[in-house]
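Understanding the architecture of this molecule
As a plain string of letters, each chain reads:
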Amino acid sequence: MAESFPTSPKPKRTRRDSQDGSSVLSSSSVSLTEELQCSVCLEVFSDPVSTPCGHNFCRSCLKQYWDNSHIYSCPMCKETFSKRPDLKINTTLRQVVQHYKEKINVRRSEVLCDICDERKLKALKSCLMCQASYCETHLKLHQKLHSKKHKLMDPVENIKDYICQKHERPLEFFCRDDQTCVCVFCTDGDHKNHNTVPLEEMSEEKKTQLKKTQRDVQQMIQERIKKIQDIKHSAQLRKRSTDEEKAASVEVFSALIRSIERCQTELLEMIDEQQKAAEKQDEDLMKDLEQEITELKRRDSELEQLSHTDHHLHLLQVDSSLYRPPHTKNWSEISMKTDVSVETLRRALTQLQETLDDKLNQSVLTVLRRMQQFAVDVTLDPDTAQTKLILSEDGKQLKLGDVRHELPYNPERFDCAFVLGKEGFSSGRFYFEVQVRGKTDWYLGVARESINRKGNITVSPQNGFWAVILRDEKNYKACADPSVSLSLRVSPQKVGVFVDYEEGLVCFYDVENRSHIYSFTGQTFTEKLFPFFCPGLNDEGKNSDPLIILPVHYNKLMYTHDIL
């Protein structure tokens, strides 16, 4: 007799139910679960480690237990250890735990047949109409009874999620308006005038959307992998640059130290030579004095004898020179030096100063050449130039004219005699050089994109400008907050401007004299920076020469030689 199927299935027993009502997990499995359980978190081990006393715990649990208690003891037997044990993962136990978890997950993921009365078999299909799952044998009987009228699907445990709770019918459509799944009765009821499509069609759309999202995610992954590679490459370059900078710095300071030590040695040798010469002079003087003393004593003895003679004729016949003091040196005119010549020290310090200046110039040259490797091609932006400014056709020169040009209004155009470069920079480093020869007035630096361009403008970092200026041919200032007067030994003819965006650094250098002019440090940049120029007023023709943006001649071989 063929087996009949009820329209409503029998009360569904859980996947843990077996033919005798006991748990599918045998008592031995339950016992194994207890054996593989951490006594701290009461969960199955994760990265199990063993203490010296032989008990096992999750590595994170034991670490947290020791960190909190500050006593290295076993949480189970309380045995105390003299020092914190060096814990290693128990690989064998971890493999057992992993195998156990996989076995439990397989059991839990199986969908069992709802019709089997004895030992339940694994279901092959689930029927949405019958709301039941069938093993191979019961699936054949189901197919004989219902042919192809009932819709089958891969077995699912939560089959009620696929059934309309209101009409007890399979969810076969998707309502776009309410973004929910509905059955065929719903399409004639609450969702009658809604935009509904078959689940298969909506599923294909979702798959297409998922594929697009997957492609986007894969692209994001590739971008991040590329970013990691870029970071690693940048780190390598930075490490190489750091090593080169350290080597160059050590060489510079070593050369300075050697120069100072050499100068000190030469000074000490000179002082020693002067001391020896002075000692030799003292010895010679004392010999002369001793000789004169001997001669004077002899003369004194002769005079003493003559003073007691009774031979009047003999006394009158002696050499007349005896009646006069002997001819000797005038020792009162001879002075003794008691200290080292100040001139010696002055000459030594002057020589040291010249040596240090030369070494410092070489150091500045090295720094300049390092900055020059970040040279950029700067071109003036006519859309920002004040209407009296005259720009060359190639955008490399500017000066102030006498007449305002009739130009259309542009919110980017300055009212005062300022102009920006065409290209802005929002990261990295950049460098450019400007000729200021023959000028008595100029502004030079960088400015942020959002600066005020209309009306009176105060050039300062607070207002978005980082610049150095020349006024009245000799007054150099850094436009800081407040401004800083600069004392320059010579007037720059060519000025180099270097910016390190991330470091918040803007530096100015006298290129030809290899000297540092001024640096803005510790700045914070959050938007694009543009090269900034102002040729200054003409000053009755005294300041008519143009500012000229020059090409930067960077010699990598020379730079490498300087470092080495």
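Keep in mind it's a predicted model, so treat the numbers as computed, not measured.

Regarding the overall build of the protein chain
From N to C terminus, the protein chain includes nine helices and 21 strands. Buried residues in the protein chain amount to 32% of all 564 residues. Excluding contacts between residues fewer than 6 apart, the proportion of contacts in the protein chain whose partners are at least 24 apart in sequence is 57%.

Overview of the sheet that holds strand 16 (residues 484-486)
In space, the six strands of this open sheet follow the order 11-20-13-14-15-16, with antiparallel pairing throughout. Two strands in the sheet have a free side with no partner beyond their single neighbour: strand 11 (419-420) and strand 16. The sheet contact formed by strand 13 (residues 442-448) and strand 20 (residues 529-534) spans six bridges and is antiparallel. If you follow Arg448 over to strand 20, its bridge partner there is Leu529.

A few points about helix 2 (residues 59-69)
Restricting attention to buried positions, one finds in helix 2 the residues Cys61, Leu62 and Trp66. Projected down its long axis, helix 2 shows its buried positions confined to an angular sector of 125 degrees, all on one face. The exposed residues of helix 2 that point more than 90 degrees off its buried face are Ser60, Gln64 and Asn68. As for helix 2, its buried residues are in contact with strand 1 (48-50) and strand 2 (56-58). Just beyond helix 2, the residue with positive phi is His70, at close to 60 degrees.

Description of the pattern of salt bridges
Considering all chains together, one arrives at 20 salt bridges under this definition. A salt bridge links Asp154 to Lys125, with the nearest nitrogen and oxygen atoms 3.2 Å apart. Here Lys125 lies in strand 3 (residues 125-127) and Asp154 lies in the loop between strand 5 (152-153) and strand 6 (173-175), a separation of 29 residues in the sequence. Under the relative-accessibility criterion, Lys125 is labelled partly exposed at 28%.

What about the state of the cysteines?
Following the criterion strictly, the structure yields zero disulfides and no others. Note on Cys53: no disulfide assigned, nearest cysteine sulfur contributed by Cys74 at a separation of 3.5 Å.

A look at the confidence of the model for the protein chain
When pLDDT is averaged along the protein chain, the result is 84; 90% of the residues meet or exceed 70. For the protein chain, helix 9 (residues 556-563) is the element with the lowest average pLDDT, namely 39, and strand 20 is the one with the highest, namely 97. Here residues 1-27 scores under 50 on pLDDT; set against residues more than four positions off or in separate chains, the count is 41 contacts. Low pLDDT, under 50, characterises residues 556-564; the predicted model gives this stretch 13 contacts beyond four residues in sequence or across chains.

A few points about a nonpolar patch on the surface
A cluster of nonpolar side chains, contributed by Val217, Met220, Ile221 and Ile225, occupies part of the molecular surface with about 310 Å² of accessible area. Mapped onto the elements of the fold, Met220 is located in helix 6 (residues 199-307).

Considering the side chain of Thr51
Within the secondary structure, Thr51 is located in the loop between strand 1 and strand 2. Not counting residues within four places of it along the chain, the set of residues in contact with Thr51 comprises Phe57, Leu62, Cys74 and Phe81.

A word on the nonpolar core
One finds Phe432, Trp442, Phe532 and Phe533 to be the most contacted residues of the largest nonpolar core, which totals 52 residues. With six residues, strand 14 (residues 465-471) is the largest single contributor of residues to this core. Beyond its immediate stretch of four places on either side in the chain, Trp442 contacts Val436, Val468, Ile469, Leu470, Tyr476, Val495, Cys534, Pro535, Gly536 and Leu547. Residues Leu36, Phe45, Val49 and Cys58 belong to the second largest nonpolar core, which totals 14 residues.

Quick notes on the sheet that holds strand 6
Adjacent strands of a sheet pair through backbone hydrogen bonds, lying either parallel or antiparallel. On the basis of which strands lie adjacent, the open sheet formed by three strands has the order 7-6-8 and antiparallel pairing. Either end of the sheet is taken by a strand with one partner, and the two such strands are strand 7 (180-182) and strand 8 (196-198). Neighbouring strand axes in the sheet, compared pairwise and without regard to direction, differ in orientation by 35 degrees on average. Pairing analysis gives three bridges linking strand 6 to strand 7, with the strands arranged antiparallel.

What counts, and where the lines are drawn
Residues numbered from 1 in each chain as written. Predicted model: local features only at pLDDT ≥ 70, side-chain atom pairs only at ≥ 80, totals over all residues. Heavy atoms only, no water. Helix = DSSP H or I, 4+ residues; strand = E, 2+ residues; numbered from the N terminus. Buried < 20%, exposed > 50% of the residue type's maximum accessible area, 1.4 Å probe, protein only. Contact = heavy atoms within 4.5 Å. Pairing = 2+ DSSP bridges. Arc of directions from axis to C-beta. Salt bridge = Lys/Arg side-chain N within 4 Å of Asp/Glu carboxyl O. Disulfide = S-S within 2.5 Å. pLDDT = per-residue confidence, 0-100. Patch = residues over 30% accessible without salt bridge, like charges linked within 9 Å, V, L, I, M, F, W, Y side chains within 5 Å. Areas by Shrake-Rupley, 256 points an atom, 1.4 Å probe, with all protein chains shown as cover. Core = buried A, V, L, I, M, F, W, Y, C linked by side-chain atoms within 4.5 Å. Axes fitted to C-alpha atoms, helices over the stretch in contact; angles between N-to-C directions.

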